[in-house]
Amino acid sequence: MPSPSSPPIDFEDTETSFASVPTWQLIRSAAVLGSCAFSPPWLVGKVAAAYAPPERQKGLFASARRAAVDAVLARSLYPHFCAGATAEEASRVADRLAEAGVGSILNYAAEEAVEDETEEEKRTKDPDAARDAAAALFLASVAEARPSPREGRPSWIAVKVSALVPPLVLEKASAAVVLASEEAARIAKSDLPLFDRGALACDDAFNRLLTKALDSKQMTEAEVSALRRGEERLRRIGAAAAARGGTTRVIVDAEQTWLQPQIDVLALRAMREFNRPLTSSSSSQPGGPTIMQTYQCYLKSAPRRVAADALRARLEGFAHGAKPVRGAYLAAERSFAMRMGLPDPVHGTIQETHACYDAVVGSLLDGVKEGRAHLLVSVRLFFSLLLFF
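Residues numbered from 1 in each chain as written. Predicted model: local features only at pLDDT ≥ 70, side-chain atom pairs only at ≥ 80, totals over all residues. Heavy atoms only, no water.

Caption draft 1: Molecular detail of the overall build of the protein chain. A tally of helices and strands in the protein chain yields 16 helices and 6 strands. A buried classification covers 42% of the 389 residues belonging to the protein chain. Of the contacts formed within the protein chain by residues at least 6 apart in sequence, a portion of 75% connects residues at least 24 apart. Counting only carbon and sulfur atoms, one obtains 59% of the accessible surface of the protein chain, whose full area is about 20,700 Å². (Helix = DSSP H or I, 4+ residues; strand = E, 2+ residues; numbered from the N terminus. Buried < 20%, exposed > 50% of the residue type's maximum accessible area, 1.4 Å probe, protein only. Contact = heavy atoms within 4.5 Å. Areas by Shrake-Rupley, 256 points an atom, 1.4 Å probe, with all protein chains shown as cover.)

Quick look at the structure:
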C-alpha cells in the first residue's frame, strides 16, 4: 500500500519497487524461493524431519543436526518468511516497510501440529493454558497494530483458530458441521450454496441440527465446552478490533480441510456479529468488515464456499470480508485424502488453481461494486514471482 506522498507502486518497474531492499537480500530471497520451488518439495521434508520430536529422530547427532538446521534457517528461510520472534522485532520490520510505503499484516504464527505430539504430551498438557496465552497474544497484536502508511487504511491482524481451539476438537466439530449441513440441505431439498458446509451457522434450525450432529460424533461434554471457550476467545478478539472504530481488521486464517468447516462456522458467526454494512448509516463509525474470512483457491470447493458466505451476508445485511489466497497445505491435504480414501480436494494443476483464484476474485469484485463486500488481495505472490524470475 503506497503512502500518500508516494506514487502508486508499479510492479513491472522492479528497480523502483525494490529500491529500499538491499541487493544481498534480493539474492537471498531468490535463493530461498528457488529452493522451495523444487518438486517434490525436498527442502520442506528435510526441515520437517529435523524438527520432528526427539523420539522420532534417528542417529547419534540428532540434536547437533537440529542446531545446525536452526543456524542455517535463522539466516535464510526464517528472515524471508518471518518478521521476527518477538513483537518488537516484527514492529521494526513493519516500520521499515511503512517507510517504503508498504503496509503489513501482523500474524502471530500460532498453529498446533498435533501429529508431532507424543501420547504423554497429549495426556498431560493443560488444554486451556496454551489457548488462553495465544488469545492474549492476539489481543496484544490488536492493541499494538500499526496504522497503515496510507491514510484511511486499516491495520491487519491474522488469527489462527487452531491456536484458540484444540485441533482434535476442531476436527470432530468439523465432521459434525458437514453432517449437519448435509441434513439441512436434505430437509430443504435444495443444493443451493446457502446450505453448503454450514452457511446456515447463524440459524436456530441449523444450530439444532449441529447439536444433534455433535452428539452423533461422540463429542464429550469437555470437548464441546472447549469449542465454546474457543469461540468466546475469537469473540473477544473481534470485539477488541471492533472497538478501534474501523481502524483494525482481523483476518481468520484458512487451515486444513479437516478443520476448516468448524472454522468457517466460527468465522461466519463473527462476521455476522462484528461486520457492519459498508453503507451503514446507523452508526457514527464507518461501515465495513472487522472480520475477514480466508479462502484457499487451490481447493476445488473454494467458489462454492465463497458463494455461500456471500449469499448469507447479502441475506442478513452484514459486510462480507474476504481474502482469497492460493493455499498453504498442499502436501498435507493430499496425504490426508490418500490416507482416508477421500477424493483429492486440491486442483490438479497450478493453472487450475490460478483459474479458480481469478474466478473467486471476479465474484467478490461483484460484491465490492455493489457495496456488499470488502476484498483483500495480497501482492506477496507477485513479489515472489518477480524475485524468482
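There is more to say, and it comes next.
Caption draft 2: Structural context of the packing of aromatic side chains. One pass over the structure, following the stated rule, counts 1 aromatic pair. Arg326 extends its terminal NZ or CZ atom over the ring of Tyr357, reaching a point 3.7 Å from the ring centre. (Phe/Tyr/Trp six-rings, centres within 6.5 Å; stacked < 30°, edge-to-face > 60°. Lys NZ or Arg CZ within 6 Å of the ring centre and 35° of its normal.)

Caption draft 3: Up close: the pattern of salt bridges. Evaluation of the coordinates by the stated rule reveals 13 salt bridges. A salt bridge links Glu316 to Arg272, with the nearest nitrogen and oxygen atoms 2.3 Å apart. With a gap of 44 residues between them, Glu316 in helix α13 (residues 302-316) and Arg272 in helix α12 (residues 260-274) connect regions that are remote in the sequence. The exposure class assigned to Glu316 is partly exposed, which follows from its relative accessible area of 25%. Its relative accessible area of 40% is what places Arg272 among the partly exposed residues. Put simply, Asp128, Asp132, Arg229 and Arg233 are held in one network by salt bridges that share partners. (Salt bridge = Lys/Arg side-chain N within 4 Å of Asp/Glu carboxyl O.)

Caption draft 4: Broad picture of the environment of Gln25. Within the element layout of this structure, Gln25 appears in helix α2 (residues 23-36). Residue Gln25 is classed as partly exposed on the basis of its relative accessible area of 26%.

Caption draft 5: Representation of the side chain of Ser155 in the model. The topology assignment puts Ser155 in strand β2 (residues 155-159). Of note is the side chain of Ser155, whose polar atom sits 3.2 Å from the side chain of Thr248. (Polar contact = N/O pair within 3.5 Å; in protein donor to acceptor, adjacent residues only side chain to side chain.)

Caption draft 6: Fine view of the sheet that holds strand β1 (residues 105-107). Overall, parallel pairing links the 6 strands, which are arranged β1-β2-β3-β4-β5-β6 in an open sheet. One side of each edge strand has no neighbouring strand; the edge strands of this open sheet are β1 and β6 (373-375). Strand-to-strand twist in this sheet, taken as the mean axis angle between neighbours without regard to direction, amounts to 30°. Pairing of strand β5 (residues 320-325) with β6 involves 3 bridges; the strand directions are parallel. Bridged to His320 within β6 is Ala373. Seen against the sheet, helix α8 (residues 129-144) touches β1, β2 and β3 (248-252) and runs at an angle of roughly 170° to β2. Its contacts with the sheet put helix α11 (residues 221-242) on β2, β3 and β4 (291-296), and the angle it makes with β3 is roughly 150°. (Pairing = 2+ DSSP bridges. Axes fitted to C-alpha atoms, helices over the stretch in contact; angles between N-to-C directions.)

Caption draft 7: Representation of the nonpolar core. The biggest cluster of nonpolar side chains holds 36 residues, and the ones touching the most others in it are Phe138, Val159, Val161, Leu164, Val165, Ile237 and Ile291. At the level of secondary structure, the elements contributing two or more residues to this core comprise α8, β2, α9 (167-188), α11, β3 and α12. In terms of residue count, α12 provides more of this core than any other element does, 7 residues in total. Ile237 has contacts with Phe138, Leu139, Val142, Val159, Leu164 and Val250, leaving out every residue within four places of it along the chain. In this structure, Tyr295, Cys297, Val361 and Leu364 belong to the second largest nonpolar core, which totals 11 residues. (Core = buried A, V, L, I, M, F, W, Y, C linked by side-chain atoms within 4.5 Å.)

Caption draft 8: Helix α14 (residues 330-340), seen in detail. Among the residues of α14, Glu333, Phe336 and Ala337 are the ones counted as buried. End-on view of α14: buried residues confined to an arc of 100°, all on one side of the axis. In this structure, α14 carries Ala331, Met338 and Arg339 as exposed residues pointing more than 90 degrees from its buried face. Gly341 occupies a position one or two residues after α14 and carries a positive phi of about 70°. (Arc of directions from axis to C-beta.)

Caption draft 9: Up close: the packing of α8 against α11. Relative orientation of the contacting elements α8 and α11 amounts to 10°, with a least axis distance of 9 Å. As judged from the angle between their axes, α8 and α11 are roughly parallel. Contact residues: Arg131, Asp132, Ala135, Phe138, Leu139 and Val142 in α8; Arg233, Arg236, Ile237, Ala240 and Ala241 in α11. Of the residues assigned to the contact of α8 with α11, the class counts are 7 nonpolar, no polar and 4 charged. (Parallel < 35°, antiparallel > 145°, perpendicular 65-115°, else oblique. Nonpolar A, V, L, I, M, F, W, Y, C, P; charged D, E, K, R; others polar.)

By themselves, these figures tell us nothing about what the structure is for.
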